[in-house]
Amino acid sequence: MTSAQALDHGMQGLGSEELEPASFSSPALLAGDDRQEDVRSAQVARAFFEAATRLSDDSEDILPQEDGPDLKLSVYYLFSELFPEFIHDKEKDPPGRGGLVRLQFNKIGYEIYEKEQSRRVPAVRAKPGNPGYGFRRARWRSTMEGEDRAICERVLKGLGMPVDRIERIRKRVNDVRLQWDAVRRPSRPAGPGRP
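Let me sum up the structure you'll find in this document. None of the values given here were measured: they were computed from a predicted structure.

Thresholds applied
Residues numbered from 1 in each chain as written. Predicted model: local features only at pLDDT ≥ 70, side-chain atom pairs only at ≥ 80, totals over all residues. Heavy atoms only, no water. Axes fitted to C-alpha atoms, helices over the stretch in contact; angles between N-to-C directions. Helix = DSSP H or I, 4+ residues; strand = E, 2+ residues; numbered from the N terminus. Parallel < 35°, antiparallel > 145°, perpendicular 65-115°, else oblique. Left-handed = near helix turned anticlockwise from the far one by under 90°. Contact = heavy atoms within 4.5 Å. Nonpolar A, V, L, I, M, F, W, Y, C, P; charged D, E, K, R; others polar. Phe/Tyr/Trp six-rings, centres within 6.5 Å; stacked < 30°, edge-to-face > 60°. Buried < 20%, exposed > 50% of the residue type's maximum accessible area, 1.4 Å probe, protein only. Lys NZ or Arg CZ within 6 Å of the ring centre and 35° of its normal.

Direction vectors running N to C along helix α4 (residues 75–82) and helix α7 (residues 163–183) enclose 155 degrees, while the axes themselves pass 11 Å from each other. Considering the angle they form, α4 stands roughly antiparallel to α7. Considering only the axes of α4 and α7, their crossing is right-handed. In this structure, α4 uses Leu78, Glu81 and Leu82 to contact α7, whose residues at the interface are Arg165, Arg168, Ile169, Arg172, Val173 and Val176. Looking at the contact of α4 with α7, its residues break down into five nonpolar, no polar and four charged.

All right, on to the packing of aromatic side chains then. Across all of its chains, the model carries ten aromatic pairs by this definition. Taking 5.4 Å as the distance between ring centres and 55 degrees as the angle between the ring planes, the aromatic pair formed by Phe48 and Phe79 counts as tilted. With Phe48 in helix α3 (residues 34–52) and Phe79 in helix α4, this residue pair connects regions lying 31 residues apart in the sequence. Pairing Phe79 with Phe105 gives two aromatic rings, centres 4.9 Å apart and planes at 25 degrees, and the pair type is stacked. Residue Phe79 is located in helix α4, and its partner Phe105 is located in helix α5 (residues 102–112); the two are separated by 26 residues in the primary sequence. For the pair formed by Phe79 and Phe105, the shared burial category is buried. Following the ring pairs from residue to residue traces out a cluster consisting of Phe48, Phe49, Tyr76, Phe79, Phe83, Phe105, Tyr110, Tyr113 and Phe135. Sitting over the ring of Tyr133, Lys115 keeps its end group 4.7 Å from the ring centre.

Right, dumping it as structure tokens:
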């Protein structure tokens, strides 16, 4: 089975419709049918959410939909870093090039997780201290060990990805998880009258 066939086979497991074979580096994706490209981008985004994030039992858990002024830790930013061929940057890409913009990507996330406004996540276009939006009860997977590692590998292998790319993605997701856990704001920060 070629990597293109494996990619299509993996996508069918994610509830996709029948698509023409194409790999992650296929020029057909870059210059082909916009609808097919957009469908494939959405499928890869859903797979990324499954491979890199999970639903948490802790109501305090939240992942940001936007980046802060200093740190780039949003789910979209990591997706755009790891899968640049499936995003569309309005400032850099020519009109008509397919791929997901942040809004489309976040809508896919809100099909999986609830949307929550919270001061625990950055709000780039708001005054400091104002709440931002995030994916409620979403948490980064611990992709270097245990069940989270197995799920991440299974989903990414289902996309037909090479082992070295899977390893790079697993390491990067884990790095972002550790960074996010270190900087995440509590829901009730210390202040007057609160320890």
